[in-house]
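Chain by chain, the residues run as shown.
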Amino acid sequence: KQEVTQIPAALSVPEGENLVLNCSFTDSAIYNLQWFRQDPGKGLTSLLLIQSSQREQTSGRLNASLDKSSGRSTLYIAASQPGDSATYLCAVKDFNKFYFGSGTKLNVKP
Amino acid sequence: DAGITQSPRHKVTETGTPVTLRCHQTENHRYMYWYRQDPGHGLRLIHYSYGVKDTDKGEVSDGYSVSRSKTEDFLLTLESATSSQTSVYFCAISPRTGEDTEAFFGQGTRLTVV
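Since the structure is predicted, the reported quantities are computational estimates derived from the model, not experimental observations.

I'd like a rundown of the interface of chain B and chain A, residues and numbers included.
Contact with chain B, which involves 24 residues of that partner, is made by 23 residues of chain A. Measuring nitrogen to oxygen at the nearest pair gives 3.5 Å for the salt bridge that ties glutamate 59 of chain B to lysine 1 of chain A. Linking chain B to chain A there are 11 residue pairs in polar contact (both at pLDDT 80 or more). Contributions of two or more residues to the side of chain B that touches chain A are made by strand E4 (31-38), strand E5 (42-51) and strand E9 (87-94) of chain B. Of the residues contributing to the side of chain B that touches chain A, the split by class is nine nonpolar, 10 polar and five charged.

Following this line, the structure appears as structure tokens:
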């Protein structure tokens, strides 16, 4: 059974700092990995999708990497802003199901 | 945004009553999913569907049933609601299998069982 872990569970940083969120998974036989953002009381918004054959994806200030062999992914956020405050979740996909970590709650202080 | 509508958005119900949550999509995606989100547990899969009348269990399926009679609708039923089923329920859709396909989520239904 796939287990997905996200560390840290919570993170507080001052505005402007670069930061890294971590995601690890136990079964390397994945189809892809997706990073989501969730604001309080809201649904999940997809940020980045990394296919199993890819090593990284970039979107604006976000960069996500994937190392399947070690079962790890990182989400790098450059020059953080208060608007980045949210919970960030990673999900791995096997053939037809998605498995989620518990998320990292990020607070960016002005 | 993907065309996914969950209804109702909020519901309070009493223990022992049946409850049905609806997910409606306008994307004609093959796969539909029901997840529940609880503090400290992330999102856990309840049931999913891979086509009309084709469904399968997820990791927390006890106490829940589903039905999909049309491509666009996926219903989640709690036959006899319990307090442990108080949660936020999310519907997700995905077009197909394959490494290039992602999940798209609805806005969630907050269910409280009293």
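Please set out the side chain of threonine 104 of chain A residue by residue, giving values where relevant.
Locating threonine 104 of chain A in the fold gives a position in strand E11 (residues 104-109). Discounting chain neighbours no more than four positions away, the residues touching threonine 104 of chain A are Gln6, Ile7, Pro8, Ala9, Ala10, Leu11, Leu21, Ala86, Thr87 and Tyr88 of chain A.

Now, about the state of the cysteines: what can you tell me, with residues and values included?
Formally, a disulfide is one covalent bond, and it connects the sulfur atom of one cysteine to the sulfur atom of another. Summed over the entire model, instances satisfying the criterion amount to two disulfides over all chains. Two residues share a disulfide in this structure: cysteine 23 of chain A and cysteine 90 of chain A, whose sulfurs sit 2.0 Å from each other. As the torsion about the S-S bond is roughly 80 degrees, the cysteine 23 of chain A-cysteine 90 of chain A disulfide counts as right-handed. Of this pair, cysteine 23 of chain A sits in strand E3 (residues 19-25) while cysteine 90 of chain A is found in strand E9 (residues 86-93), placing the two residues 67 residues apart along the sequence. Taken as a pair, cysteine 23 of chain A and cysteine 90 of chain A share a single burial class, namely buried. The side chain of cysteine 23 of chain B participates in a disulfide bridge whose partner is cysteine 91 of chain B; the two sulfur atoms lie 1.9 Å from each other. Judged by the torsion about the S-S bond (-70 degrees), the cysteine 23 of chain B/cysteine 91 of chain B disulfide is left-handed. Highlighted residues: cysteine 23 of chain B in strand E3 (residues 19-25) and cysteine 91 of chain B in strand E9, separated in sequence by 68 residues.

What counts, and at which threshold
- Residues numbered from 1 in each chain as written.
- Chains lettered and ligands numbered in written order.
- Predicted model: local features only at pLDDT ≥ 70, side-chain atom pairs only at ≥ 80, totals over all residues.
- Heavy atoms only, no water.
- Contact = heavy atoms within 4.5 Å.
- Salt bridge = Lys/Arg side-chain N within 4 Å of Asp/Glu carboxyl O.
- Polar contact = N/O pair within 3.5 Å; in protein donor to acceptor, adjacent residues only side chain to side chain.
- Helix = DSSP H or I, 4+ residues; strand = E, 2+ residues; numbered from the N terminus.
- Nonpolar A, V, L, I, M, F, W, Y, C, P; charged D, E, K, R; others polar.
- Disulfide = S-S within 2.5 Å.
- Buried < 20%, exposed > 50% of the residue type's maximum accessible area, 1.4 Å probe, protein only.

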